[in-house]
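# Remarks on the overall topology
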Amino acid sequence: MLYSIFGNDVPDSSEKRKGARPAHLARLQALQDAGRLVLAGPFPAVDAIDPGMAGFSGSLIVAEFASLEAAQEWAGADPYVTAGVYAQVAVRPFKKVFPS
């Protein structure tokens, strides 16, 4: 089943993000290589693709996991969690409708 993982950043997360980004991306790449990643990316803190000094306010990942518990375990071990980038992480079941 698909699950959405929403990470909400702490204030001024840019430096923490930079430090944890390579490990974070490596985990996403592993999901993609396994054919389980639907989409992933950050939320710019301002209305711009490159938010510059404003940075990002959080991230969204939609991926396939065997269960809610497996998705929560994966999300809890994310480098952005362990580095203190995310203040809060929510994991919820997700039903993809479009594109079909």
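Structure's up top.
Presented here is an overview of the structure given in this document. (Residues numbered from 1 in each chain as written. Predicted model: local features only at pLDDT ≥ 70, side-chain atom pairs only at ≥ 80, totals over all residues. Heavy atoms only, no water.)

## Examining the packing of aromatic side chains
Centre distance and the angle of the planes are the two values used to describe a pair of aromatic rings. Inclusion rule: Any two rings among Phe, Tyr and Trp, with Trp reduced to its six-membered ring, count as a pair given centres within 6.5 Å; such a pair is stacked if its planes are under 30 degrees apart, edge-to-face if over 60, and tilted if neither. Exposure classes here rest on a 1.4 Å probe applied to the protein chains alone. A residue is buried below 20% of its type maximum, exposed above 50%, and partly exposed in between. Two limits define a charge over a ring: the Lys NZ or Arg CZ must be within 6 Å of the ring centre, and within 35 degrees of the ring normal.
As enumerated under the stated definition, the model contains four aromatic pairs in all. Each ring, one from F65 and one from W74, has its centre 5.7 Å from the other, and the planes form 50 degrees; the classification is tilted. The pair F65 / W74 is uniform in exposure class, with both members buried. An angle of 85 degrees between the planes, with centres 5.6 Å apart, marks the rings of Y80 and Y86 as edge-to-face. No difference in accessibility class separates Y80 from Y86, as the two residues are buried. Three or more aromatic residues joined by ring pairs make a cluster, and in this case those are Y3, F65 and W74. Of note, R27 hangs over the ring of W74, and the distance from its end group to the ring centre comes to 4.0 Å.

## Considering the environment of Y3
Going by this rule: Secondary structure counts use DSSP, requiring at least four H or I residues in a row for a helix and at least two E residues in a row for a strand, with both numbered from the N terminus. Two residues form a contact once any of their heavy atoms are found within 4.5 Å. Under the rule applied, a polar contact is a pair of N or O atoms within 3.5 Å (in protein, one hydrogen donor and one hydrogen acceptor; residues adjacent in sequence only if both atoms are side-chain atoms).
Tracing the sequence through the fold places Y3 in strand β1 (residues 2–9). We classify Y3 as buried; its relative accessible area is 5%. Put simply, Y3 and K96 are 93 residues apart on the chain and 9.6 Å apart in space, counted from C-alpha to C-alpha. Leave out the neighbours within four places in its chain, and Y3 touches I61, V62, A63, F65, S67, L68, A71, V91, R92, P93 and F94. Polar contacts involving the side chain of Y3 include one to the main-chain amide nitrogen of L68, which spans 3.0 Å.

## Some thoughts on the nonpolar core
Worth spelling out the cut-off: Within this scheme, the nonpolar core is defined by two criteria: the residues are buried Ala, Val, Leu, Ile, Met, Phe, Trp, Tyr or Cys, and they are joined through side-chain atoms within 4.5 Å.
Listed in full, the eleven residues of the largest apolar core are Y3, I5, L28, L31, I61, A63, F65, A71, W74, A75 and V91. Mapped onto this core, the elements with two or more residues apiece are β1, α1 (14–33), β3 (56–64) and α2 (68–76). Among the elements that take part in this core, α2 stands out by supplying three residues, more than any other. Sequence-distant contacts of A71, that is, excluding residues within four places in its chain, are made with Y3, I5, F65 and V91.

## Observations regarding the layout of surface pockets
Heads up, the condition is: Space inside and on the surface of the protein is sampled on a 1 Å grid over the protein atoms alone, with a cavity defined as a set of points where a 1.4 Å probe fits but cannot get out and a pocket as an open set with protein on both sides within 12 Å along at least 5 of 7 lines; lining residues have an atom within 4 Å of a point. Grid points are joined across faces, edges and corners, and a volume is the space filled by probe spheres set on the points. Throughout, the ten residues Ala, Val, Leu, Ile, Met, Phe, Trp, Tyr, Cys and Pro are labelled nonpolar, Asp, Glu, Lys and Arg are labelled charged, and all others, Gly among them, are labelled polar.
Here the largest pocket defines a volume of roughly 490 Å³. At the level of secondary structure, the elements contributing two or more residues to the lining of the largest pocket comprise α1, β2 (37–44) and β3. Looking at the lining of the largest pocket element by element, the count peaks at eight residues for α1. Of the residues belonging to the lining of the largest pocket, the class tally is ten nonpolar, seven polar and six charged.

## Structural notes on the sheet that holds β3
This is how the line gets drawn: Strand pairing is assigned whenever DSSP detects at least two bridges linking the two strands. All axes here are fitted lines through C-alpha atoms, helices being fitted over the stretch that makes contact, and every angle between N-to-C directions spans 0 to 180 degrees.
Overall, antiparallel pairing links the four strands, which are arranged β2-β3-β1-β4 in an open sheet. A single partner strand is all that each edge strand has here, and the edge strands are β2 and β4 (86–94). Across this sheet, the average inter-strand angle for adjacent strands is 10 degrees, counted without regard to direction. Summarising the sheet, β1 and β4 pair through eight bridges and their orientation is antiparallel. Bridge pairing in β4 links I5 to V91. Along the sheet face, α2 touches β1, β3 and β4 and points at about 155 degrees away from the line of β4.

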